[in-house]
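Here is what each chain is made of, one letter per residue.
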Amino acid sequence: MNMKPKVSVIVTTFNCEKYLEKCLSSLRSQTLDGIEIICVDDSSTDNTAALAESMLANIENSKFIRLQKNSGPSYARNEALKYVTADYVMFCDGDDFYNKDMCRAMYEKISSVSVDLVVSQIRMEYDIPISEKVKKADYGYYKLKFSGPTDITDNLILKTDLSVCNKIFKKTILDTYNIRFPNNLFYEDAYFCMAYFFVSKRAYFINKDMYTYIRHADSIMTNTFSMNSGAKDHLFIAFKIYVFLIKNKLLEKYKQLFPIILLSYYQFAMKFSDRSSLNSIKKACINFINENSLLEKCPHPVLKYIINDGAFTLAERIFSVKNSIDLRYKIITILGFRIKLIRY
């Protein structure tokens, strides 16, 4: 009789044949017994699908699904979630790989400690030339700021990375709140993790490199930093987070946190979008604030900061020295006149 797997690992692949063998080998070599691997190929045009199918044929308790149409990572992951049979879910991108003890370490904590998720450290590896500035930003973002069992607070949510690949989730929480990835948007991990944080109470942090993220030419964040991606999607992710809070009657609990999230995602969208898109992004954010009466529902000065294009008060519109809301300029305001100085 087949035993129920302890952990389901969802692997999504698309044109990653260069990296896939190392990825799947790292899952096959896990020190935890009872792993279920569900691999969904998003209609690759190279040899990825054939390689995945061939390797998985020799890995016990694995499933391979090939999508007939390229539909994006959200659709692929959501499709894989339909086949999960374990109580706990993990994710791995087909161009990254696990430490051999990752599943065991994550499973042991979430199944024995009273927590709703476990977070481990991400190790960065670069397959392209990358600036020291970007490396420093990566390190700062992915470095864990907490250790061991920790209550989930607003501060923890703001300071924890939003990758799904260094975490283990409870299937019951995902299903109870219908937490799935938003289709047709980049930065889908941000929505998924935020939604999960909002309905969870405690997390456990393992301060050890468990997941290796390979930054290469086709990585989403590589394209983001080169201004070639849909960075504006970050703002639309914030809109979907708001819908989740409303749907689950959580806005009152997070009415001080959500405006900060909105500002952060708005600034990200402004900073990494083409200049021709900035006015439409600004208009979309201000319309969202007004149409949802956020100034009344979530009274927070950052909402006025967005509406006033970077000024909190009337006094600051008379004289102030601030960063622009897209973080690209230093703005000096004198009697309503603005002087923009390029920050970098």
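Check the entry above for the structure.
Residues numbered from 1 in each chain as written. Predicted model: local features only at pLDDT ≥ 70, side-chain atom pairs only at ≥ 80, totals over all residues. Heavy atoms only, no water.

Undergrad: Where do I start with the overall build of the protein in this structure?
TA: When helices and strands are tallied, the protein shows 15 helices and 12 strands. Going through the 344 residues of the protein one by one, you find that 53% of them count as buried. Contacts spanning at least 24 positions in sequence make up 73% of the contacts within the protein whose residues lie at least 6 apart. Split by element, the accessible area of the protein, about 16,400 Å² in all, is 53% carbon and sulfur. (Helix = DSSP H or I, 4+ residues; strand = E, 2+ residues; numbered from the N terminus. Buried < 20%, exposed > 50% of the residue type's maximum accessible area, 1.4 Å probe, protein only. Contact = heavy atoms within 4.5 Å. Areas by Shrake-Rupley, 256 points an atom, 1.4 Å probe, with all protein chains shown as cover.)

Undergrad: What is the right way to look at the pattern of salt bridges in this model?
TA: Close approach of charged atoms allows side chains of opposite charge to pair. Within the structure shown, the criterion is met by 20 salt bridges. Among the ionic pairs, Lys18 bridges to Asp127, the shortest N-O distance being 2.8 Å. Residue Lys18 is located in helix 1 (residues 17–28), and its partner Asp127 is located in the loop between strand 6 (117–126) and helix 5 (132–142); the two are separated by 109 residues in the primary sequence. Classification of Lys18 as exposed rests on a relative accessible area of 62%. Here Asp127 falls in the partly exposed class, since its relative accessible area comes to 35%. Where salt bridges share partners, they join Arg77, Asp93, Glu188 and Asp189 into one cluster. (Salt bridge = Lys/Arg side-chain N within 4 Å of Asp/Glu carboxyl O.)

Undergrad: How should I be thinking about the state of the cysteines in this particular structure?
TA: One way to say it: the disulfide is the covalent bond shared by the sulfur atoms of two cysteines. Applying the stated criterion to the full structure yields 0 disulfides. As a non-bridged cysteine, Cys23 has Cys92 as the owner of its nearest cysteine sulfur, 3.7 Å distant. Relative accessible area serves as the criterion here: at 0%, Cys23 is assigned to the buried category. (Disulfide = S-S within 2.5 Å.)

Undergrad: Help me understand the pairing of strand 2 (residues 35–41), please; the structure alone is not making it clear to me.
TA: Side-chain direction in a regular strand flips from residue to residue, so the side chains alternate between the two faces of the sheet. Counted residue by residue, strand 2 has 7 buried out of 7 residues, so it is predominantly covered. With burial as the criterion, each face of strand 2 is covered, one bearing Ile35, Ile37, Cys39 and Asp41 and the other bearing Glu36, Ile38 and Val40. Bridging between strand 1 (residues 7–13) and strand 2 involves 7 bridges; their strand directions are parallel. Looking across to strand 2, one finds that Val7 is bridged to Ile35. Bridge count between strand 2 and strand 3 (residues 62–66): 5 bridges; the pairing is parallel. Looking at the pairing, Cys39 lines up with Phe64 of strand 3. In this fold, strand 2 hands off to helix 2 (residues 48–56), which returns the chain to strand 3; that crossover is right-handed. (Pairing = 2+ DSSP bridges. Right-handed = clockwise from strand over helix to strand, strands pointing away.)

Undergrad: Mind showing me how you'd approach the side chain of Asp96 here?
TA: Relative to the helices and strands, Asp96 is located in the loop between strand 4 (88–93) and strand 5 (97–98). Residues contacting Asp96, with those up to four places away along its chain left out, are Cys23, Tyr211, Thr212, Tyr213 and Ile214.

Undergrad: What exactly am I supposed to notice about the packing of aromatic side chains here?
TA: Aromatic rings in a pair are described by how distant their centres are and how their planes are angled relative to each other. Under the defined criterion, the tally for this structure stands at 21 aromatic pairs. Ring geometry for Tyr187 versus Phe268: centroids 5.4 Å apart, planes at 75°, classification edge-to-face. One end of the pair, Tyr187, is in the loop between helix 7 (171–176) and helix 8 (188–198); the other, Phe268, is in helix 11 (residues 257–271), with 81 residues separating them in the sequence. Each member of the pair, Tyr187 as well as Phe268, carries the same accessibility label: buried. Cluster of aromatic residues (ring-pair linked, three or more members): Phe91, Phe169, Phe181, Phe192 and Tyr196. Lying over the aromatic face of Phe181, Arg77 brings its terminal NZ or CZ to 4.9 Å of the ring centre. (Phe/Tyr/Trp six-rings, centres within 6.5 Å; stacked < 30°, edge-to-face > 60°. Lys NZ or Arg CZ within 6 Å of the ring centre and 35° of its normal.)

Undergrad: Just to check I follow, could you spell out the environment of Phe181 for this structure?
TA: Note that Phe181 resides in the loop between helix 7 and helix 8. Setting aside its immediate chain neighbours within four residues, Phe181 contacts Ser74, Arg77, Asn78, Leu81, Phe91, Val164, Glu188, Asp189 and Phe192.

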